[in-house]
Amino acid sequence: MRTGFVWDEWYMWHDTGSAAAFLPAGGPIQPDTHVENPEPKRRLHNLLDFSGVLDTLQEIEPRQATLEELLRFHTPEYVDEIAEQSAESGGDAGDLTPFGPDSYDIARLAAGGVIEATDAVLDGDVDNAYALVRPPGHHAESDIGRGFCIFGNIALAAMHARSERDIERVAVVDFDVHHGNGTQKAFWDDPTVLPISLHQDNFFPPGEGAVDEVGEGDGRGYNLNVPLPPGSGVGAYETAFERVVLPALDKFDPDLIYLAAGVDSGAIDPLGRMMLHSEGYRTLTRQLLAAADEHCDGRLVAVHEGGYSSAYAPFSGLAIIEELRGERSDIEDPFMPIFAELGYQGLQPHQEAVIDDAAEKLDIALQNS
Ligand code: ZN
């Protein structure tokens, strides 16, 4: 496969400042490194280089999303606010989304990078693509940045595909450990875009991502959530794919699929409490590619979201990218012997109950397809 790859060193210069995990330093909170820092992403890039995989990818040059593109989703007031704060010394986009100088332009480069990846796939320049962008995007809403996300990278690219590229139906599969609230809100009443989020139940944003959030109006049935119990492993994720994600894609028959590739659903992520490992990510990616082959000539754009373990995010990301490419490097994940044997890695009854609940939503889901 010809796999496109979006990367720019400037993504790594987005500065989330001093924090303890995700809370700003101050008062009783001693300054430390923010959990959303460049290191996991940079180390993934380095592992791609070390493994030789980087040389096999087709470079896609990112550009900054235009104002017109940003305004398809975001309000003018919000965009102005980010631009103003960024031109000074930075600020916070609203809800746990600190940024430093120039992050307005860096966030536009992230959104524009995903748009460029989309165009490269739709033009047939590449078969599929991976955008290793930063800041991430799936929590960003129209008028507020949330959970380290400033602009909705995938939402904006999907809107571009819909309005500029004759794409009728877009599916977004999100296996980041957090709920894809921004994508859900962007297409809440829109039957042409189907967000499917697999996430840790009631994690971030708090109180969002329940199984009964299925969209409204014309969009009713065109939004699916699988809020998995903490401790879910490969068995739960593969079952959720088998009973919810893949049947939904069959029913919806998308023209283009995005993967919100958060690897914070992996074992030893400092934020998530799930247990996926690189072989798990590999299987999920392979199944999604098969669905893309069946429905839309393989058109799949994977976009990096969360993933905060500097040690492990690189091996998860490498596995996803190798699958997109259809060829493995000779790198063996050195963590696999431990993570494959973790207790409760297989499907548990309480996980299956949640998945079957979500699968029932398929009955009302996509009723107009
Ligand atoms: Zn996340």
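Residues numbered from 1 in each chain as written. Predicted model: local features only at pLDDT ≥ 70, side-chain atom pairs only at ≥ 80, totals over all residues. Heavy atoms only, no water.

(A) Here's a closer look at the packing of aromatic side chains. In the structure shown here, the tally under the stated rule is ten aromatic pairs. Between Tyr78 and Phe151 the ring centres are 6.2 Å apart and the planes differ by 85°, which places this aromatic pair in the edge-to-face class. Here Tyr78 is found in helix 3 (residues 76-87), whereas its partner Phe151 is found in the loop between strand 9 (145-146) and helix 5 (153-164), with 73 residues between them in sequence. Site record: aromatic cluster; members linked through ring pairs are Tyr312, Phe315, Phe335 and Phe339. (Phe/Tyr/Trp six-rings, centres within 6.5 Å; stacked < 30°, edge-to-face > 60°. Helix = DSSP H or I, 4+ residues; strand = E, 2+ residues; numbered from the N terminus.)

(B) Region of interest: the coordination of the zinc ion. At 2.0 to 2.7 Å from the zinc ion lie its protein donor atoms, namely Asp176 (OD), Asp176 (OD), His178 (ND1) and Asp264 (OD). In this structure, the zinc ion is surrounded by four donor atoms whose angles at the metal cover 54 to 154°, and the resulting shape is irregular. (Donors = N, O, S within 2.8 Å, 3.2 Å for Na, K, Ca; no water. Tetrahedral: all angles 85-135°; square planar, octahedral: opposite > 155°, others 65-115°.)

(C) Spotlight on the environment of Asp250. Its location among the elements puts Asp250 in helix 7 (residues 234-252). Note: C-alpha distance between Asp250 and Gly26 (224 residues apart in sequence) is 50 Å. With residues up to four places along the chain from it excluded, the contact list for Asp250 reads Glu294 and His295. (Contact = heavy atoms within 4.5 Å.)

(D) A look at the pairing of strand 14 (residues 300-304). With five of its five residues buried, strand 14 lies for the most part within the structure. With burial as the criterion, each face of strand 14 is covered, one bearing Leu300, Ala302 and His304 and the other bearing Val301 and Val303. As judged from the four bridges shared by strand 8 (residues 128-131) and strand 14, these two strands associate in the parallel manner. Pairing of Ala131 across the sheet is with Val303, part of strand 14. Pairing of strand 13 (residues 256-261) with strand 14 involves five bridges; the strand directions are parallel. Considered in strand 14, the bridge of Tyr258 is made with Val301. (Buried < 20%, exposed > 50% of the residue type's maximum accessible area, 1.4 Å probe, protein only. Pairing = 2+ DSSP bridges.)

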